[in-house]
Amino acid sequence: SVIVLDFGSQYTQLIARRIREIGIYSEIFPYHTSAEELKKHQPKAIILSGGPNSVYDETAFMPDPEVFSLGVPVLGICYGLQAIAKHFGGNVESSSKQEFGRAKMLVSHDERESMLFKDIPDSDVWMSHGDKVTKLPDGFRVTASTANAEMCAIESFGSKAALKVFGLQFHPEVQHSLYGKQLLSNFLIDIAGITPDWSPKSFIQHQIEEIKRVAGDSTVVCGISGGVDSTVAAVLVSKAIGDKLHCVFVDNGLLRKDEATKVMEFLKPLGLKVTLADASDLFLGRLKGVASPEKKRKIIGRTFIRVFEENIHDEKFLVQGTLYPDVIESVSVKGPSETIKSHHNVGGLPKRMKLKLIEPLRELFKDEVRAVGRELGIAEDILMRHPFPGPGLAVRVLGSLTKERLDVLREADQIFIDELKESGLYQKVWQAFSVLLPVQSVGVMGDKRTYENVLALRAVESTDGMTADWAHLPHDFLSKVSNRIINEVRGINRVAYDISSKPPATIEWE
Ligand code: XMP
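Residues numbered from 1 in each chain as written. Predicted model: local features only at pLDDT ≥ 70, side-chain atom pairs only at ≥ 80, totals over all residues. Heavy atoms only, no water.

1. Quick notes on the packing of aromatic side chains
Then, in step 1: The tally for this structure, following the rule as stated, stands at 11 aromatic pairs.
Then, in step 2: Arranged with centres 5.7 Å apart and planes meeting at 50 degrees, the rings of Y324 and F365 form a pair that is tilted. Of this pair, Y324 sits in helix α10 (residues 324-331) while F365 is found in the loop between β14 (356-358) and α12 (366-375), placing the two residues 41 residues apart along the sequence. Comparing Y324 with F365 shows no difference in burial state: the two are buried.
Then, in step 3: Ring centres of W470 and Y497 lie 6.2 Å apart, and the angle between their planes is 75 degrees; this geometry places the pair in the edge-to-face category. On the criterion of sequence distance, the pair formed by W470 in strand β17 (residues 469-470) and Y497 in strand β18 (residues 492-497) is long-range, its members being 27 residues apart.
Then, in step 4: The lysine or arginine in question, R17, covers the ring of F365, its NZ or CZ lying 5.2 Å from the ring centre.
Then, in step 5: Of note, R396 hangs over the ring of F433, and the distance from its end group to the ring centre comes to 3.8 Å. (Phe/Tyr/Trp six-rings, centres within 6.5 Å; stacked < 30°, edge-to-face > 60°. Helix = DSSP H or I, 4+ residues; strand = E, 2+ residues; numbered from the N terminus. Buried < 20%, exposed > 50% of the residue type's maximum accessible area, 1.4 Å probe, protein only. Lys NZ or Arg CZ within 6 Å of the ring centre and 35° of its normal.)

Structure follows, in structure tokens:
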């Protein structure tokens, strides 16, 4: 595999992803992982990521020096390049001009052509740095430059050529670096000699073996929600251990219209053993009169754990559909970022119940999970479902919940989603849903004055839910949805469309 050492760059996960796009398996480790430890994973190449620090800060992050003696090629990106320069005795200085954005890279062409730049012409690259290398370490040469960074790409050379150490000031993992992927491919395939054999199929085979090895003869439980991640995770685990896997689907009374029935229905052909735990009354009872979003989340989290506990037996392992974007914060050198919302309401589960975790999707991004699901034969309409938050409609009926308000929201949301599917827009957005506001407005229906609820429609485009743009849905479409909702759903007399992006707004309203 390829190991990416994380120095805290916002782009670290993008590096891992690009590597997989090339068809190669990669893993991310914190920058301080010892060479001894890395060796156990038998890396064929090591990449040092970018990072927010300066190599001359007192507390600068440096890799274990032995990383350069493992006998595998090393590529440093941005901060990684500077760490290489420092380690090998070059000089790095803070640049008078910080450089963010596109720059024109000129590749040095001479008889010693660099393997890293094979088939790469002068082209745009994406820069994001304050410091730059000002003195080349001995045994290195410059292979590319930009107007602002003369030593934009360097590599070990002559007596040090065998070390195969390379550094880039720019970010090849960012799409704006036009030949970035080619460059990574040159490094991994041509220089490190790795065969690209990562695919959803090989991933599944590898995971099945791994799950068998880890779980042995133990029984395993999975909390299934009908979402893409838990469904794919459960099917993958069941391929490995068959009916030693037991799934629990908790109906918390906060699901969408007929969702519990529909989910049980589509899980049936997947060969999973699923227990449906209907706990709607318990959840709604506990949530009565609670208006604060954080309190709602805490109550839902705690209640979920209780219901889940009641439905498990003597399982030793818990399957979770954790994806890579959820993992990165715990891997990151910066530590978890500030809590904006207490997501991941099942996070407390394993510690208390002494269940060990199986998280077969923890290296993947959402679209990769979908590709794996496809390979596992899961139907397209399951795989393309939008994300749905654990606390469900509780955070979409703003303020205190009642069964009636939940039902009003359900009816309206069903119309919105049906229309999106009907018009082929559902799959073009990351997430779409309705929010029932704790606001009443005056309207007129027939000859009568009405004083009823306002509904907000939300649709966003995003790649991972971390940032999002409101979706520019066609006006005709919005008009149709609004008409249908106001005419067909009793209790709503006004529809608004949310045009806030994240940040500064969030995707959900609570
Ligand atoms: P926000 O609202 O934070 O949402 O921009 C980002 C993504 O996370 C989902 N979300 C949640 N998922 N439990 C979950 O499992 C939660 O408490 C929760 N809150 C938000 C949200 O739907 C979006 O996809």
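That covers the picture; the talk isn't over yet.
2. Describing the packing of helix α6 (residues 228-241) against α12
Then, in step 1: Put simply, α6 and α12 touch, their axes get as near as 10 Å, and they point 40 degrees apart. As far as their axial angle goes, α12 and α6 are oblique. Judged by the sense of rotation from one axis to the other, the crossing of α6 with α12 is left-handed. Between α6 and α12, the residues in contact are V228, D229 and V232 and K366, V369, R370, V372 and G373, respectively.
Then, in step 2: By residue class, the composition of the contact of α6 with α12 is four nonpolar, one polar and three charged. (Axes fitted to C-alpha atoms, helices over the stretch in contact; angles between N-to-C directions. Parallel < 35°, antiparallel > 145°, perpendicular 65-115°, else oblique. Left-handed = near helix turned anticlockwise from the far one by under 90°. Contact = heavy atoms within 4.5 Å. Nonpolar A, V, L, I, M, F, W, Y, C, P; charged D, E, K, R; others polar.)

3. Overview of the sheet that holds strand β13 (residues 317-319)
Then, in step 1: Across the sheet, which stays open at both edges, the five strands sit in the order β12-β11-β10-β13-β14 with parallel pairing between neighbours. Each of the sheet's edge strands pairs with one partner strand only, and the pair in question is β12 (274-278) and β14. Pairs of neighbouring strands in the sheet enclose a mean axial angle of 30 degrees, with direction left out of account.
Then, in step 2: One ladder, built from four bridges, connects strand β10 (residues 220-223) with strand β11 (residues 245-251); its direction is parallel. Along β11, the bridge assignment pairs V221 with H246. (Pairing = 2+ DSSP bridges.)

4. Examining the nonpolar core
Then, in step 1: Core analysis: the largest hydrophobic core is formed by 48 residues, its most contacted members being F416, L420, L473, I485 and I492.
Then, in step 2: Listing elements by their share of this core, those giving two or more residues are β11, α8 (280-287), α9 (293-310), α14 (403-422), β15 (431-445), β16 (448-461), α15 (475-488) and β18.
Then, in step 3: Of all the elements, α14 adds the most residues to this core, at eight residues.
Then, in step 4: Leaving out residues up to four positions away in the same chain, L473 has contacts with F416, L420, L425, V429, A459, L478 and Y497. (Core = buried A, V, L, I, M, F, W, Y, C linked by side-chain atoms within 4.5 Å.)

5. Focus on helix α4 (residues 180-191)
Then, in step 1: Along its 12 residues, α4 runs 15 Å from first to last C-alpha, staying within 8% of the 16 Å computed at 1.5 Å per residue.
Then, in step 2: Those residues of α4 that fall on the buried side of the exposure criterion are G180, L183, L184, S185, N186, F187, L188 and I191.
Then, in step 3: Tucked into the core, α4 has its buried residues touching β1 (2-6), α1 (12-21), β3 (45-48), β4 (74-77) and β9 (165-168).
Then, in step 4: Positive phi appears at G193, one or two residues downstream of α4, with a value of about 70 degrees. (Expected span 1.5 Å × (residues − 1).)

6. Some words on the sheet that holds β4
Then, in step 1: The nine strands lie next to each other as β2-β1-β3-β4-β9-β8-β7-β5-β6, forming an open sheet whose pairing is mixed. At either margin of the open sheet sits one strand with a lone partner, and together these are β2 (26-30) and β6 (123-135). Strand-to-strand twist in this sheet, taken as the mean axis angle between neighbours without regard to direction, amounts to 25 degrees.
Then, in step 2: Against the sheet, helix α3 (residues 79-87) engages β3, β4, β5 (91-107), β6, β7 (140-145), β8 (153-156) and β9, with an angle of about 120 degrees to β4.
Then, in step 3: Along the sheet face, α4 touches β1, β3, β4 and β9 and points at about 150 degrees away from the line of β3.

7. What to know about the pairing of β16
Then, in step 1: Note: β15 against β16, 12 bridges, orientation antiparallel. By the bridge assignment, G443 is partnered in β16 with T450.
Then, in step 2: The turn joining β15 and β16, which pair antiparallel and follow one another in sequence, is formed by two residues; a positive phi near 65 degrees is taken by G446.
Then, in step 3: Looking at chain direction, β16 and β18 are connected through five bridges and run parallel. Directly across from A456, in β18, lies its bridge partner A496.
Then, in step 4: As paired strands, β16 and β17 are joined by two bridges and run antiparallel to one another. Looking at the pairing, V460 lines up with W470 of β17.

8. Points about the environment of I208
Then, in step 1: By secondary structure assignment, the location of I208 is in helix α5 (residues 200-215).
Then, in step 2: Distance in space between the C-alpha atoms of I208 and A16 is 22 Å, their sequence separation being 192 residues.

9. What to know about the pattern of salt bridges
Then, in step 1: Tallied over the entire structure, the rule returns 27 salt bridges.
Then, in step 2: The partner of R385 in a salt bridge is E259, with the nearest N and O atoms 2.9 Å apart. Placement of R385 in the loop between α13 (380-383) and α14 and of E259 in helix α7 (residues 259-267) is noted, with a sequence separation of 126 residues between them. The residues R385 and E259 share a single accessibility class, namely buried.
Then, in step 3: Here E488 makes a salt bridge to R484, at a shortest N to O gap of 2.8 Å. Here the residue E488 and the residue R484 both occupy positions in helix α15, the gap between them amounting to four residues, near one helical turn.
Then, in step 4: Note on E488: relative accessible area 46%, which makes it partly exposed.
Then, in step 5: Exposure remark for R484: the relative accessible area of 26% places this residue in the partly exposed category.
Then, in step 6: The network of salt bridges with common partners includes R17, R18, E21, K181 and D367. (Salt bridge = Lys/Arg side-chain N within 4 Å of Asp/Glu carboxyl O.)

10. Some thoughts on the environment of D418
Then, in step 1: Tracing the backbone shows D418 in helix α14.
Then, in step 2: With 63 residues separating them in the primary sequence, D418 and V481 have C-alpha atoms 9.5 Å apart.

11. Remarks on the side chain of S26
Then, in step 1: Here S26 is to be found in strand β2.
Then, in step 2: Relative accessible area serves as the criterion here: at 3%, S26 is assigned to the buried category.
Then, in step 3: Not counting chain neighbours up to four residues away, the residues in contact with S26 comprise V2, A16, I19 and R20.

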